[in-house]
Amino acid sequence: MPRDDILLPQGRRAVFEANFVAFRTLLVKEIRRFLRIWPQTLIPPAISMALYFAIFGAIIGRRIGEMAGFDYMEFIVPGLIMMSVITNAYANVSASFFSAKFQRSIEALLVSPTPNSVLLGGFIAGGVARGLAVAAIVTLMAAFFIEIRIHNWFVTLGMLLLTAVLFSLGGFINGLFADKFDDISIIPAFVLTPLTYLGGVFYALELLPDVWRTLSYFNPIVYVVASFRYGFFGYSGDVPVGLSFIAVAVFVVAFWFLSLWLLQRGTGLRT
Amino acid sequence: MSTAPALSIEGLKKVYAGGFEALKGIDLRVEQGDFFALLGPNGAGKSTTIGVICSLVVKSSGRVAIFGFDIDREFAAAKRMIGVVPQEFNFSIFERVGDIVETQAGFYGLGGAQSRRQTEKYLRKLGLWDKRNEQARHLSGGMKRRLMIARALVHEPRLLILDEPTAGVDIEIRRSMWSFLREMNEAGTTIILTTHYLEEAESLCRNIAIIDNGEIVENTSMRELLQQLGTETLVLDLADPLSEVPNLEPFVARRTEAACLEVDIDKGQNLNEVFARLDAAGIRVRSMRNKSNRLEQLFVALTQSDGSTETLVHAAG
Ligand SMILES: Nc1ncnc2c1ncn2[C@@H]1O[C@H](COP(=O)(O)OP(=O)(O)OP(=O)(O)O)[C@@H](O)[C@H]1O
Ligand SMILES: [Mg+2]
């Protein structure tokens, strides 16, 4: 029995490989989790999107006519996709990480040699996977109502990925600080949902009175939604797409290091 | 492999967030290949110590090394050496048994075929292979405990730490766990366990530490510890009732029931002589046993809060 081989990987390469295996294991575990509870994770976003499409798109949308020169249904689709990515990426990581804490199954990971960056990466990748899975479902459903055209693939996929990462990180930090189940529903209910609804998913910012319009520019979700919409139609209102990318990327980096720092300190994990 | 101790703890202190000092600067050394018992009453600091060793609890000060690897400076290597079976269940109850163990292998960097092989090996050893596709919540309490043992061993650690592994486990399974642990130990794994069943410690462990109120109050070999206890009391069931206490000089006898005698035997006295005296007195013995667990008596004495600790051990020894 080559016990020493198993026990101690020798050299940088072996350590890297071991860490990669740990990352993949955690990612697979996270994916398995949201697939196992698909009626809670994949079906609800599909249902609410179907309702949005039916009500705002088909029923009310016909009355509204055009928005910023686009068919209303067309106009809201990118925002709705983004909305489901934001909610689901966030919810996946906060719920999974918090229940791992709550059930203490996180200890199994904490006693292993897995570095914090791999632990973080694994959970974030799980959230991204759920975000992308839901985005795919929602896009597929939208395709029944409108013709999906992509103006700029790079912007569309880039913004999709960055947003999924950013809100997964948000969910992670929420999960770290949470010490009861309520704590992971407060931020989504009181912060994320209002910001998303006011984030230009359903209307063009030009429609707003000046004050509200100016205020809207303090809402980060405005940039995410507008840039993503640009990826589809080449239209982003007066939101600068390049700057949005940089801003989201900066937040991703900041949240990543904040999460790592909190992990290192053992916040909410080690007594 | 070096000859560094499997576990070395120096001046370990733990003050919890609320200001409670759970460990007051303990020193402990467990040699490679040892089978070590960490005993102590509820709240003594056993789980806290184990928590620090496997980095679930942040120590306040002190030094801990596993096979010479410092848990702060060489944490990855130190962690690879350890397998831990915690006191409380800590797996996700909705996951399948096989997945739980395989995932753990993955966390230690064992991928694909290797992790499946290791998983099968330990699920079989712990009699859980048939349950591999069940969700963990469908296991019985004893099975859950064995699942945690399998999970702790999947990466072939050199030091296995078990925090009350046999709590709530039936006698038969406890016996089979004992023989399993003995085998592991004979094959070279160093084992540290905590238990409240002192006969478990007595039958399994070679060395022992007793911790009380965050301090080590005794650290010695099991044999020495038992030898320190000078007097042993035999309980004799007699064939015929006695009307009075017989004279068994130089032994002291007490009559607890009509047909039951207790005889104290000091270290250095001979059991044969007891029987010679009994014969001479015409007393026939039907059966005989040791009165209570000696270790238990010692344990109670050591961890009593009135400070009479030292006196008892040293008077006895
Ligand atoms: N997270 C915590 N915060 C504050 N105090 C704690 C914490 N965990 C443990 N303690 C305290 O530290 C002391 C030691 O606890 P520990 O769990 O180490 O005891 P133990 O020896 O394992 O006991 P048992 O035999 O009951 O398992 C106890 O007084 C306990 O209340
Ligand atoms: Mg304990």
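Scroll up to find the structure this text is about.
Residues numbered from 1 in each chain as written. Chains lettered and ligands numbered in written order. Predicted model: local features only at pLDDT ≥ 70, side-chain atom pairs only at ≥ 80, totals over all residues. Heavy atoms only, no water.

Colleague: Explain the overall build of chain A to me, please; I cannot follow it from the model alone.
Modeller: The helix and strand inventory of chain A stands at 12 helices and two strands. When the helices and strands of chain A are read in sequence order from the N terminus, they spell out α-α-α-α-β-β-α-α-α-α-α-α-α-α. In terms of overall size, chain A behaves like a compact globule, its C-alpha atoms giving a radius of gyration of 20 Å where 271 residues would be expected to give roughly 18 Å. Of all 271 residues assigned to chain A, the portion counted as buried reaches 52%. Taking the intrachain contacts of chain A between residues at least 6 apart in sequence as the baseline, contacts between residues at least 24 apart amount to 81%. Counting only carbon and sulfur atoms, one obtains 70% of the accessible surface of chain A, whose full area is about 12600 Å². Within chain A, the 15 negative side-chain charges are centred at a point lying 8 Å from the centre of the 19 positive side-chain charges. (Helix = DSSP H or I, 4+ residues; strand = E, 2+ residues; numbered from the N terminus. Rg over C-alpha atoms; globule rule 2.2 N^0.38 Å. Buried < 20%, exposed > 50% of the residue type's maximum accessible area, 1.4 Å probe, protein only. Contact = heavy atoms within 4.5 Å. Areas by Shrake-Rupley, 256 points an atom, 1.4 Å probe, with all protein chains shown as cover. Lys, Arg positive; Asp, Glu negative; His and termini not counted. Charge placed at Lys NZ, Arg CZ, Asp CG, Glu CD.)

Colleague: Looking at this model, I keep getting lost on the coordination of the magnesium ion (ligand 2). Mind explaining?
Modeller: Angles between donor atoms at a metal ideally measure 109.5 degrees for a four-coordinate tetrahedral arrangement and either 90 or 180 degrees for a six-coordinate octahedral one. Residues and elements named next belong to chain B. For the magnesium ion (ligand 2), every protein donor is listed as Ser 47 (OG) and Gln 87 (OE1), and the spread of their distances is 1.9 to 2.1 Å. On the criterion of sequence distance, the pair formed by Ser 47 in helix H1 (residues 46-53) and Gln 87 in the loop between strand S6 (82-85) and helix H3 (97-107) is long-range, its members being 40 residues apart. Take Ser 47: its relative accessible area is 31%, and that puts it in the partly exposed class. (Donors = N, O, S within 2.8 Å, 3.2 Å for Na, K, Ca; no water.)

Colleague: Even after reading the chapter, I still don't get the interface of chain B and chain A, so can you show me in this structure?
Modeller: Buried accessible area, meaning the area lost when the parts come together, often serves as the stated size of an interface. Facing the 43 residues of chain B at the interface are 29 residues of chain A. On the chain B side of the interface with chain A, the three residues burying the most area are Leu56(B), Arg80(B) and Phe107(B), jointly 23% of the side's total. Mapped by element, the contributors of at least two residues to the side of chain B that touches chain A are helix H2 (75-81), H3 and helix H4 (112-125) of chain B. Ranked by residues supplied to the side of chain B that touches chain A, first place goes to H2(B) with six residues. Considering only residue class, the side of chain B that touches chain A consists of 19 nonpolar, 14 polar and 10 charged. (Buried area = accessible area lost by both parts, 1.4 Å probe. Nonpolar A, V, L, I, M, F, W, Y, C, P; charged D, E, K, R; others polar.)

Colleague: Help me understand the site of ligand 1 in this model?
Modeller: Residues and elements named next belong to chain B. Of all residues adjacent to ligand 1, which total 15 residues, the nearest are Asn 42, Gly 43, Lys 46, Ser 47 and Thr 48. In the environment of ligand 1, an oxygen atom lies 2.7 Å from a nitrogen or oxygen atom belonging to the side chain of Ser 47. Gln 87 is positioned with one of its side-chain polar atoms (N or O) 2.8 Å from an oxygen atom of ligand 1. Calculation on ligand 1 without its partners gives an accessible area of 640 Å², and the protein chains cover 66% of this total. (Near = heavy atom within 4 Å. Polar contact = N/O pair within 3.5 Å; in protein donor to acceptor, adjacent residues only side chain to side chain.)

Colleague: Would you mind showing me how to read the packing of aromatic side chains here?
Modeller: One pair of aromatic rings is described through two measures. These are the centre distance and the angle between the planes. All names here are of chain A. If you walk through the whole model with that rule in mind, you get 19 aromatic pairs over all chains. Aromatic pair Tyr 52 and Phe 202: ring centres 5.7 Å apart, planes at 50°, arrangement tilted. Of this pair, Tyr 52 sits in helix H4 (residues 43-64) while Phe 202 sits in the loop between helix H9 (183-197) and helix H10 (210-216), and the two are 150 residues apart along the sequence. Comparing Tyr 52 with Phe 202, the two get one shared label, buried. What links up through ring pairs into an aromatic cluster is the set Phe 70, Phe 228, Phe 232, Phe 233 and Tyr 235. The ring of Trp 261 has Arg 265 sitting right over it, with the charged end atom 4.8 Å from the ring centre. (Phe/Tyr/Trp six-rings, centres within 6.5 Å; stacked < 30°, edge-to-face > 60°. Lys NZ or Arg CZ within 6 Å of the ring centre and 35° of its normal.)

Colleague: I keep staring at H3(B) and nothing clicks. Help me out?
Modeller: Since the α-helix turns once every 3.6 residues, residues separated by three or four places project in the same direction. Residues and elements named next belong to chain B. Burial analysis of H3 places 10 of its 11 residues in the buried class, the great majority of the element. Those residues of H3 not exposed but buried are Val 97, Gly 98, Asp 99, Ile 100, Val 101, Thr 103, Gln 104, Ala 105, Gly 106 and Phe 107. Just beyond H3, the residue with positive phi is Gly 109, at close to 85°.

Colleague: In this structure, what is going on with unusual backbone geometry? I would like to understand it.
Modeller: Only a minority of non-glycine residues have a phi that is not negative, and only a minority of peptide bonds are not trans. Residue and element names in this part refer to chain B. Omega for the peptide link from Glu 249 to Pro 250 comes to 5°, which places this bond in the cis form. The residue Pro 250 is located in the loop between strand S11 (232-238) and strand S12 (252-257) in this model. One non-glycine residue, Glu 156, adopts positive backbone phi at about 55°. Mapping Glu 156 onto the fold places it in the loop between helix H5 (141-153) and strand S7 (159-163). The exposure class assigned to Glu 156 is buried, which follows from its relative accessible area of 2%.

Colleague: Is there a simple way to think about the pattern of salt bridges in this case?
Modeller: If charged atoms from side chains of opposite charge come close, those side chains can pair. In this structure the tally under the stated criterion is 20 salt bridges over all chains. Of the charged contacts in the structure, one is a salt bridge between Arg13(A) and Glu17(A), with a shortest N-O distance of 3.3 Å. Within this pair, Arg13(A) and its partner Glu17(A) are both found in helix H2 (residues 11-36), separated by four residues, close to a single helical turn. A relative accessible area of 38% places Glu17(A) in the partly exposed class. Here Arg254(B) and Asp264(B) are joined by a salt bridge, their closest N and O atoms 3.0 Å apart. Taken together, the positions of Arg254(B) in strand S12 and Asp264(B) in strand S13 (residues 260-265) put the pair 10 residues apart, joining distant regions of the chain. Accessibility expressed as a relative area gives 32% for Arg254(B), which makes it partly exposed. Linked through salt bridges whose partners overlap, the residues forming this network are Lys29(A), Arg32(A), Glu95(B), Arg96(B) and Asp99(B). (Salt bridge = Lys/Arg side-chain N within 4 Å of Asp/Glu carboxyl O.)

Colleague: How should the pairing of strand S4 (residues 61-66) of chain B be read in this particular structure?
Modeller: All names here are of chain B. Note that strand S1 (residues 7-15) and S4 share five bridges and pair antiparallel. Each bridged residue has a counterpart across the sheet, and for Lys 13 the counterpart in S4 is Ser 61. Sheet topology note: the S4/strand S5 (residues 69-70) ladder contains two bridges and is antiparallel. If you follow Ile 66 over to S5, its bridge partner there is Phe 69. Once S4 ends, the chain turns through two residues before running back antiparallel as S5, passing Phe 67 with a positive phi of about 45°. (Pairing = 2+ DSSP bridges.)

Colleague: So what exactly am I meant to see when it comes to the sheet that holds strand S3 (residues 35-39) of chain B here?
Modeller: Strand pairing within a sheet occurs via backbone hydrogen bonds; the two strands may be parallel or antiparallel. All names here are of chain B. Taken in spatial order, the six strands of this open sheet run S6-S7-S8-S3-S9-S10, and their pairing is mixed. Of all the strands in the sheet, the pair left with one neighbour each is S6 and strand S10 (215-221). Adjacent strand axes in the sheet meet at a mean angle of 15° when their direction is disregarded. With four bridges connecting them, S3 and strand S8 (residues 190-194) associate as parallel partners. The residue of S8 that forms the bridge with Phe 36 is Ile 192. Sheet strands in contact with H5 are S6 and S7, and its direction is about 170° off that of S6. Its contacts with the sheet place helix H6 (residues 171-186) against S3, S7 and S8, and it is angled at close to 145° to S8. (Axes fitted to C-alpha atoms, helices over the stretch in contact; angles between N-to-C directions.)

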